[in-house]
Structures are given as C-alpha cells and as structure tokens.
Amino acid sequence: MGCENSPFGLRCRYFGVCGGCQLQDMPYGEQVEWKVGQISEIFGREPDEVHESPRTFYYRNRMDYAVGPGWVVGLKERGKWWSYVDLHECLLMSPEADELKNIFREFIRSRGLEPWDTRKHTGFVRYIVIREGKFTGERMVTIVTYRSSEDHSRTFLEFLQEASDRGIRVSTLYWGVNPTVADVSVSKELHLLYGEPYLRERLLGNTYLISPNTFFQSNSYTAEILLDRAVRLLEAEGGVVYDLYSGVGTFSVEVGRRAFVVCVESDPEAVELLRENMSLNGVSEYKAINARVEDMGLVEADAVLIDPPRAGMHPRAVKALLRSRPKRIVYVSCNPKTQVRDVRPLLKAGYELTYLVFIDQFPQTVHMETIALLEAG
C-alpha cells in the first residue's frame, strides 16, 4: 500500500503529512493503551471496560474527500486548513472507496470541472462524500459543488457509468450544492441522480436508513458494541426513556424494544428518518419531538440517554437534567473534555459516576468514544 514512501515505513505513505491519522506509527495495542491513559486523566479515574475496534483499517463507513486546486482529491494536510493531500490510497474506508475517489479525480480533470479553492472561494467541485453500509454492501456517493446554475446531472451520471465500468458498485448517487464559503460537505440542496434515496446499514439486526446529510456512527463495527453497552446500562425495561440528540434513531430503535422512548432531535430531516427507522424495525411505542434539547424543560423519565455532538450539551440542557433528576443517565460522547464539563454539575448535585466504558471507534487517531453511567444518589 505504498509503504516504501512512508517516512515511518508503515502501510500508508501519507502518514505524517495527511491529517487523517495521528497514531499509525504506534502498534495498535499501544495506541489503545495511550488513549486510555489520556482519557483516564481527563475523568480522574480508570474505565470499567475498554473495547478495541474489531478492524483497525478500512473501518470507516463515511469519508468526506475535499477537492482542491490542481484537481487534488483527499484530506486536509496536517495543521493546514487551506491545503489538501492528494490521496491515491486511504486505509480508513475501503479499497473500493479508494478506486472510486481516483476515478472521480480523473473524471473532473478530463471534463475540466474547476476545483474549489478554499482560500479564494472560487471554483465549482468541492467534495466527494462516500458512505458505505458495511453490513449491507450498499454505497452512497454525494458530489458537492458550489453552485447549481448549470445542469451537470448528465455529466455526473457519466461519472457513475465510468465507475460501474471499472467494477465499482454505487447504489445511490446525489448531486449536492453548498453555495456558502464555509468549508463543509453539508449540502444546502440535494438532487437524487440515481438509485434509492437512502443508504441502509444494519446494527444488532436492526436496519437503519441514512441520508446524505444525517449523522450516523462512523465505525459500524464498534457501533454495535456502543449500542449494546449503552442500552444495557440504561436498565430501563418497561419504563420511560428519553433519547436526547436522537438523530435517525440509532439508539432509539434498540431502546424502543425494551421501553417507551421519547426521542428529541432538532434536525427535522433526522426526525423524519427516525420515524421511518422505528417503523422499519417494528417499534411503535415511542414519541418523536422535533426540538432543541435545551428547549425541552422538564424530562419525566426513568432513564435518559444522551449522545450530543462534539461540542457537548448546552448549559440549559444540563440544568434541565438537574431539575428533572432521572434515576439513571447514560452519556455517550466522542469528546471526553466536553463530557466531563457537562457531567461535573451533575456530580456536584449528588449523582455518582458508577460505570465508565471506553470504545476505540477511531483506530489510528487520537479519538475514542466513551460511555458514562451516572446514578442519582
């Protein structure tokens, strides 16, 4: 895989330059040990469980590859927000995603489609976003451009045909438009060019529908561990559970098999998909609320599950939990610093951190997923 060009003699020749991985120069066991030590210091205690990823390479189900000047297609250069590494191989997703990315680079160059310049805010093609159902074999591609004034639908369908001719299966193709200067792959408008509108993925026997802009756990292999451990820690069989920041229902579906679940999510598209996913998996005992968590007020529940974005919870949401005082709170996070910040007021109010789980959802990187169980004293 190009290891002869790596400064560390590793599998990836881009390590040390590309910002996608930070720890590939360490054996995997040492990576996990180092991360556990770093996060234990943040919590001030050791975890009760540590779970390694079943796969250390080719584990991600989504990659957002940026397009830059010179028809570069890849990830940001380490420490440089304006510069991208032209990746011909990336060990995080799949060999098929690599091939698809390389076909895309050749395609936009041959068609003269101008790449986006993130410093000058000029150009046309911005991202190719690839999502894969690791347990379904489906693949969704979204080509993100700066504008939609010209109809490139036929052009992008030609790209799909080239990928198919090279043996790469794409089950869904979208053309997305981000007309802002913000360097993000989220599309303000979406045009379905080919296939089904959703990607399907399966976790613990449940089937989930995922759209281009909605969040889903990025490592399907550890997501099953995360889902199982979080739901078991709730211990809410037959009770009422609030799933805050519920998204498309990743946790809600499994919780809804055991309890009445109230799902709170601010993104209306995610709420629509949550309802689809609940129905698809035969879960009828639930309520979906399209609202911001910090606007919810009191929460009348036996247990609460929280899985906020990296920024953590809004202070008003933490205060609402303090007023509501559920018996058990299961807090899932990909950012232990904001998690500890949010948990601290709960500990001061009499909650006890009784169980802590670390799950390595992000091999080769400094990140880890954590689950904290808090019980009312």
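The paragraphs below set out a description of the structure included in this document. Computed from a predicted model, the values in this text were never measured in an experiment.

As for the overall build of the protein chain
No. 1: Helix and strand counts for the protein chain come out as eight helices and 17 strands.
No. 2: In terms of overall size, the protein chain behaves like a compact globule, its C-alpha atoms giving a radius of gyration of 21 Å where 377 residues would be expected to give roughly 21 Å.
No. 3: The buried share of the protein chain, taken over its 377 residues, is 56%.
No. 4: Sequence separation of at least 24 residues holds for 66% of the intrachain contacts in the protein chain that already meet a minimum separation of 6.

Here we look at the pairing of strand S13 (residues 286-290)
No. 1: Bridging between strand S12 (residues 260-265) and S13 involves five bridges; their strand directions are parallel. Bridging from a neighbouring strand, Val262 pairs with Lys287 of S13.
No. 2: Crossover handedness for the path S12 to helix H6 (residues 268-280) to S13: right-handed.

What to know about helix H4 (residues 220-234)
No. 1: Between the first and last C-alpha of H4 there are 21 Å, a value that for 15 residues agrees with the 21 Å anticipated at 1.5 Å per step.
No. 2: Taken across its 15 residues, H4 has 11 buried, putting it largely inside the fold.
No. 3: Among the residues of H4, those classed as buried are Ser220, Tyr221, Thr222, Ala223, Leu226, Leu227, Arg229, Ala230, Val231, Leu233 and Leu234.
No. 4: The N-capping residue of H4, defined by a side-chain oxygen 3.0 Å from the backbone nitrogen of Tyr221, is Asn219.
No. 5: Of the residues one or two after H4, Glu235 is the one with positive phi, at around 50°.

Topic: the sheet that holds strand S3 (residues 72-77)
Hydrogen bonds between backbone groups are what pair the strands of a sheet, and the pairing can be parallel or antiparallel.
No. 1: An order of S4-S3-S2-S5-S6-S7-S8 is seen for the seven strands of this open sheet, with the pairing classed as mixed. Only two strands of the sheet have a single neighbouring strand rather than two, namely strand S4 (80-86) and strand S8 (189-195). Strand-to-strand twist of the sheet, defined as the mean angle between neighbouring strand axes without regard to direction, takes the value 30°.
No. 2: Across four bridges, S3 lies against S4 in antiparallel orientation. Each residue of the ladder has a partner; that of Lys76, found in S4, is Tyr84.

Quick look at the pattern of salt bridges
No. 1: Summed over all chains, the structure comprises 26 salt bridges.
No. 2: Residues Arg45 and Asp48 are paired through a salt bridge, measuring 2.5 Å at the closest nitrogen-oxygen approach.
No. 3: The partner of Arg111 in a salt bridge is Glu162, with the nearest N and O atoms 3.5 Å apart. With a gap of 51 residues between them, Arg111 in the loop between helix H2 (95-110) and strand S5 (125-132) and Glu162 in helix H3 (residues 153-165) connect regions that are remote in the sequence.
No. 4: The class of Glu162 is partly exposed, set by a relative accessible area of 26%.
No. 5: Salt bridges sharing common partners tie together Glu49, Asp228, Arg229 and Arg232.

Calculation notes
- Residues numbered from 1 in each chain as written.
- Predicted model: local features only at pLDDT ≥ 70, side-chain atom pairs only at ≥ 80, totals over all residues.
- Heavy atoms only, no water.
- Helix = DSSP H or I, 4+ residues; strand = E, 2+ residues; numbered from the N terminus.
- Rg over C-alpha atoms; globule rule 2.2 N^0.38 Å.
- Buried < 20%, exposed > 50% of the residue type's maximum accessible area, 1.4 Å probe, protein only.
- Contact = heavy atoms within 4.5 Å.
- Pairing = 2+ DSSP bridges.
- Right-handed = clockwise from strand over helix to strand, strands pointing away.
- Expected span 1.5 Å × (residues − 1).
- Polar contact = N/O pair within 3.5 Å; in protein donor to acceptor, adjacent residues only side chain to side chain.
- Axes fitted to C-alpha atoms, helices over the stretch in contact; angles between N-to-C directions.
- Salt bridge = Lys/Arg side-chain N within 4 Å of Asp/Glu carboxyl O.

Interpretation in functional terms is not warranted from these geometric data alone.
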